[in-house]
Amino acid sequence: MNQLSPLAKLIRIVAFAATAISMSIAASYDIRMRTNPNLLTLLDLYGRINLSVIGNSDGHSIAIHFVNFNPPVHGGYAQNIYFLSSYVLWPQRDYVGPPGVVINDGYQLLDANAKMPDEAWLAQHDVVGQLFMTPKAKLGDFDSAWLPMNTTSAPSQ
Amino acid sequence: MAVALYLCCLLIVGYGAAIWLTPKQAKLLRFGLSACLGPGVMGMILIALSMLGFTPTRTSIATLTILAAISIVAAAWRKKTDAPPKFPARSRLSSVQRWWLMFCALLIAFAIGMTAWNAFIFPTYEWDAFSIWQLKAKVLYLQPMVPRPAYFSDVTLSYSHLRYPLLVPMISAGVHAMTGDYQDESGQAAFLLMFIGLGATVFAAVRERRDAIAAATTTALLLTIPLAMRYAAAGTAEMALDAFYGCSLICILNYQRDETRNWLILAALFSGFMTWTKNEGTAMAAINLSIIAALIPKPFSSRKLFGDFAFLAIVAAMFIPWLIWSHGLPRTDEDYAGHFSIGRIVSHFSDIPLILKTMGLEFMRFRDFSGFWIVLILLAITNPQQFRARPVWTLWLALLLHAAAYVLVYMITPLNLVNLMQDSLDRLVLHFTPAAALLIGLHWPGRDPNSPAAHAILSDQLQKNQMQN
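Residues numbered from 1 in each chain as written. Chains lettered and ligands numbered in written order. Predicted model: local features only at pLDDT ≥ 70, side-chain atom pairs only at ≥ 80, totals over all residues. Heavy atoms only, no water.

Trainee: Give me the lowdown on the overall build of chain A, citing residues and values where you can.
Mentor: The number of helices and strands found in chain A is 5 helices and 4 strands. The C-alpha atoms of chain A give a radius of gyration of 24 Å, which is well past the 15 Å a tight globule of 157 residues would have. Here chain A holds 157 residues, and the buried ones make up 47% of them. Pairs at least 24 apart in sequence give 58% of the contacts found in chain A among residues at least 6 apart. (Helix = DSSP H or I, 4+ residues; strand = E, 2+ residues; numbered from the N terminus. Rg over C-alpha atoms; globule rule 2.2 N^0.38 Å. Buried < 20%, exposed > 50% of the residue type's maximum accessible area, 1.4 Å probe, protein only. Contact = heavy atoms within 4.5 Å.)

Have a look at this one:
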């Protein structure tokens, strides 16, 4: 430190100050991110999706129907449900449309969902029931109803 | 417990390779490289086994670990003395400097603690993690790569990027193999080791060239980047790519300094891992090759040509199997290769200002990077004499080429540019941070101990000491 010129000392002090501020802000951002109510809500929502999907599937595949999902409003939300349920169910499947239809986003997903294969096809693919999901007024929340295969009754809430 | 055991296995496998390729005295550097090399080596061997029809199992992981342990014992028996690393002379620290070191140490501990929280306590909640990387980890845990599982041609799962490289999923599949449970949400834990490894490697690399203050500050700045802490153990490929890239750059800098082929082999291994980590990794490996070809060690010598060829051969040997295996996979999600043409680039020149502006704003986004980039810019402007040092301009060149590659990718994207940048730019800028962190360390005010001037001062001091004795 003693060998440094006054200018170098000044630079070092400024660099120290900028670094200290930067690192402190970084740490506070991380703490705020982890305690952010949005993240906790998201985790809660993911937990509920997991429960709906795994709880009903019982080690088999399922089909998901997105009822009253409006693509511009709920597209991203529907895709999150599909992507997450695909992950939690694997190697079992969550069928959302006919085979061979490309699904990259919520629009394609909801488009495919309108052309869901018939029950005979689903039964051939180890599907034990169909999950009907309906968005609530509060974006990010949903109602779900489960209809086991080979039943004619209304879906159970 | 099984996860902790897997992390130990990864470290042993990495150490078993690093012990042959790194100098004995550079203990921290060796540890850091081992922590990043281990997941890479383990993942690549599990991929090779998967291509032969075997899924990852505890037996295969244990066998690899035992082989690595034998390698460590064998290396310990060899009677070879390495040249001591060129650490700068230690100077007495003032009380302010000691407090600063403590502050940095606390922040590093905080960053590691938060990442461990993500790794062991949080479920897989990052969109990319469950949609792409950890889904593939389950696929690879349950089925070998040959015969190719139906997953890879099922376009209803196109969103999960069926053609994405498989090293990160295979590292996570190793966790499932150890726990015996693919539903345990622990696939992300392996990347905590790489986070620590990257920190240790950067610290050691800067410490070899600057004082402890510069090394600790650089490491703390790098590890506390908010995005780095968020993604480090989230189960995505960001941490792996950052760690492999950071290690490859450090090995290139050491090769530039020492001209020892072992560094070149390590740089090539890390670059090979990058090609199996993300598509961006292939571009970054190509940038590494062009830097080695253009700058290192000296132009127009047969030794240099051999080095260039060796690097290329190792990376190609690792990358070609991926090209063969992935041939014919659906390109239904994004098809950059199909859109790469001079005509398309020229027709999208008008996008460059928007891309650069958005990129610049991302650099300055405190929520994502805090003041990391501001510190680098401040140091570079106020300390321009460091630009004369070869490592410094080598890293700046790497950074600029890297940024240029991403600008090019955004120019040819078939997707909506604004939406794509919104979704991906933060993570792409995160990939720049290992090079930038090294630059912060090297721009830190003070003398470069490896410069001729510093060597002259040190030899003067040495002569004086000898005369006094």
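Trainee: Before we move on, could you go through the interface of chain A and chain B and cite the residues and values that matter?
Mentor: Contact with chain A, which involves 45 residues of that partner, is made by 57 residues of chain B. Taking both sides of the interface into account, the surface hidden between chain A and chain B amounts to around 4400 Å²; carbon and sulfur atoms contribute 68%. When the buried area of chain A at its contact with chain B is split by residue, Arg34(A), Tyr87(A) and Trp90(A) rank highest and sum to 20% of it. In this structure, Asp154(B) engages Arg93(A) in a salt bridge whose closest nitrogen and oxygen atoms are separated by 2.7 Å. Across the contact surface, chain A and chain B share 11 residue pairs in polar contact (both at pLDDT 80 or more). (Buried area = accessible area lost by both parts, 1.4 Å probe. Salt bridge = Lys/Arg side-chain N within 4 Å of Asp/Glu carboxyl O. Polar contact = N/O pair within 3.5 Å; in protein donor to acceptor, adjacent residues only side chain to side chain.)

Trainee: Outline the side chain of Thr224(B), supporting the account with residue identities and numerical values.
Mentor: With respect to the helices and strands, the residue Thr224(B) is situated in the loop between helix 8 (212-223) and helix 9 (226-232). Judged by relative accessible area, Thr224(B) falls into the buried class, the value being 1%. Discounting chain neighbours no more than four positions away, the residues touching Thr224(B) are Met23(A), Ala26(A), Leu107(B), Ala111(B) and Met229(B).

Trainee: Break down the pairing of strand 3 (residues 127-135) of chain A for me, citing the residues and quoting the values.
Mentor: All names here are of chain A. With 5 bridges connecting them, strand 1 (residues 61-66) and strand 3 associate as parallel partners. Across the sheet, residue Ser-61 finds its bridge partner in strand 3, namely Val-127. Relative to strand 4 (residues 142-148), strand 3 runs antiparallel, the two being bridged by 7 bridges. By the bridge assignment, Pro-135 is partnered in strand 4 with Phe-142. Between strand 3 and strand 4, which pair antiparallel in sequence order, lie 6 residues; one of them, Gly-140, sits at a positive phi of approximately 100°. (Pairing = 2+ DSSP bridges.)

Trainee: Explain the confidence of the model for chain A to me, and be specific about the residues and the numbers.
Mentor: Detailed reading of the predicted coordinates is not advisable wherever pLDDT is low. Mean pLDDT over chain A works out to 83, with 93% of the residues at or above the 70 mark. Looking across chain A, the model is least confident in helix 1 (residues 6-34) of chain A, with a mean pLDDT of 76, and most confident in helix 4 (residues 106-113) of chain A, with 95. (pLDDT = per-residue confidence, 0-100.)

Trainee: Tell me about the confidence of the model for chain B, and please be specific about residues and values.
Mentor: Here chain B shows a mean pLDDT of 89. Residues at 70 or above account for 91%. Our summary of model confidence lists the complex with pTM equal to 0.91 and ipTM equal to 0.87.

Trainee: Which residues make up the pattern of salt bridges, and what values do they have?
Mentor: Residue and element names in this part refer to chain B. Following the criterion strictly, the structure yields 13 salt bridges over all chains and no others. Glu-126 is paired through a salt bridge with Arg-230; the nearest N and O atoms lie 2.7 Å apart. Of this pair, Glu-126 sits in the loop between helix 4 (95-120) and helix 5 (127-142) while Arg-230 sits in helix 9, placing them 104 residues apart in sequence. Residues Glu-280 and Lys-278 are paired through a salt bridge, measuring 3.4 Å at the closest nitrogen-oxygen approach. With respect to class, Glu-280 is no different from Lys-278; both count as buried. If you follow the salt bridges from partner to partner, you end up with Asp-128, Glu-238, Lys-278, Glu-280, Asp-426 and Arg-427 in one network.

Trainee: Which residues make up the nonpolar core, and what are the values?
Mentor: The biggest cluster of nonpolar side chains holds 193 residues, and the ones touching the most others in it are Phe66(A), Tyr82(A), Tyr6(B), Met42(B), Phe270(B), Phe273(B) and Trp373(B). Of the residues forming this core, the biggest block, 13 residues, is contributed by helix 10 (residues 238-258) of chain B. The two domains that each donate at least three residues to this core are domain 1 (1-35) and domain 2 (38-148) of chain A. Residue contacts for Tyr82(A): discarding those within four places in its chain leaves Phe66(A), Arg93(A), Asp94(A), Val96(A), Ile103(A), Leu109(A), Thr156(B), Leu157(B) and Tyr159(B). Residues Met116(A), Trp121(A), Leu122(A) and Met149(A) belong to the second largest nonpolar core, which totals 7 residues. (Core = buried A, V, L, I, M, F, W, Y, C linked by side-chain atoms within 4.5 Å. Domains from an automatic or database assignment.)

Trainee: If you had to explain the environment of Ser370(B) to someone new, which residues and values would you point to?
Mentor: Here Ser370(B) lies in the loop between helix 17 (366-369) and helix 18 (372-382). When sequence neighbours within four positions are dropped, the list of residues in contact with Ser370(B) reads Ser22(A), Met23(A), Ile25(A), Ala26(A), Pro226(B) and Arg365(B).

Trainee: Tell me what's going on with unusual backbone geometry, and back it up with residues and numbers.
Mentor: The omega torsion of the bond from Trp90(A) to Pro91(A) falls at 15°, within 30 degrees of zero and hence cis. Within the fold, Pro91(A) resides in the loop between helix 3 (71-89) and strand 2 (94-95). A cis amide bond links Val146(B) with the next residue in sequence, Pro147(B), at an omega value of 0°. Of note, Pro147(B) is situated in the loop between helix 5 and helix 6 (167-179). In this structure, Asn68(A) is a non-glycine residue whose phi angle is positive, near 60°. Inspection of the secondary structure puts Asn68(A) in the loop between strand 1 and helix 3. You will see that Asp126(A), though not glycine, has its phi angle at about 65°, which is positive. Here Asp126(A) is to be found in the loop between helix 5 (119-124) and strand 3. Given the relative accessible area of 36%, Asp126(A) is considered partly exposed.

Trainee: Would you mind going over the sheet that holds strand 2 of chain A in detail, with residue names and values included?
Mentor: Residues and elements named next belong to chain A. Here 4 strands make up an open sheet; going across it, the order is 2-1-3-4 and the pairing mixed. Among the strands making up the open sheet, the edge pair consists of strand 2 and strand 4. Lying over the sheet, helix 3 contacts strand 1, strand 2, strand 3 and strand 4, oriented at roughly 175° with respect to strand 1. (Axes fitted to C-alpha atoms, helices over the stretch in contact; angles between N-to-C directions.)

Trainee: Give me helix 3 (residues 58-77) of chain B: which residues, what numbers.
Mentor: Residues three or four positions apart in an α-helix share a direction because the helix packs 3.6 residues into each turn. Residues and elements named next belong to chain B. Compared with the 28 Å implied by 1.5 Å per residue over 20 residues, the 29 Å span of helix 3 between its first and last C-alpha is a close match. Taken together, the buried positions of helix 3 are Ser-60, Ile-61, Leu-64, Thr-65, Ala-68, Ser-71 and Ala-75. For helix 3, the angular spread of the buried residues around the axis is 135°, confining them to a single face. Away from its buried face by more than 90 degrees, helix 3 exposes Thr-59, Ile-66, Ile-70, Ala-76 and Trp-77. Buried-residue contacts for helix 3 involve helix 1 (2-21), helix 2 (27-51) and helix 6. (Expected span 1.5 Å × (residues − 1). Arc of directions from axis to C-beta.)

Trainee: Report on the packing of aromatic side chains, specifying residues and quantitative values.
Mentor: Summed over all chains, the structure comprises 28 aromatic pairs over all chains. With centroids separated by 5.4 Å and ring planes inclined at 90°, the aromatic side chains of Tyr46(A) and Phe130(B) adopt a geometry described as edge-to-face. Placement of the pair is Tyr46(A) in helix 2 (residues 37-57) and Phe130(B) in helix 5, with the two residues belonging to separate chains. With 5.9 Å between their ring centres and 45° between their planes, Tyr141(B) and Tyr182(B) make a pair best called tilted. Taken together, the residues span a long stretch of sequence, with Tyr141(B) in helix 5 and Tyr182(B) in the loop between helix 6 and helix 7 (190-207) at a distance of 41 residues. Judged by its relative accessible area of 17%, Tyr141(B) is buried. Above the face of the Tyr87(A) ring, Lys138(B) is positioned so that its terminal group lies 4.2 Å from the ring centre. (Phe/Tyr/Trp six-rings, centres within 6.5 Å; stacked < 30°, edge-to-face > 60°. Lys NZ or Arg CZ within 6 Å of the ring centre and 35° of its normal.)

Trainee: With reference to specific residues and values, describe the packing of helix 1 of chain A against helix 4 of chain B.
Mentor: Where helix 1 of chain A meets helix 4 of chain B, the axes come as close as 11 Å, and the angle between the chain directions of the two elements is 25°. One finds that helix 1 of chain A runs roughly parallel with respect to helix 4 of chain B. Where helix 1 of chain A crosses over helix 4 of chain B, the two elements pack in a sense that is left-handed. Residues Arg12(A), Phe16(A), Thr19(A), Ala20(A), Met23(A), Ser24(A), Ala27(A), Asp30(A), Ile31(A) and Arg34(A) of helix 1 of chain A touch helix 4 of chain B, and the partners they reach there are Gln97(B), Trp100(B), Phe103(B), Cys104(B), Leu107(B), Phe110(B), Met114(B), Thr115(B), Trp117(B) and Asn118(B). (Parallel < 35°, antiparallel > 145°, perpendicular 65-115°, else oblique. Left-handed = near helix turned anticlockwise from the far one by under 90°.)

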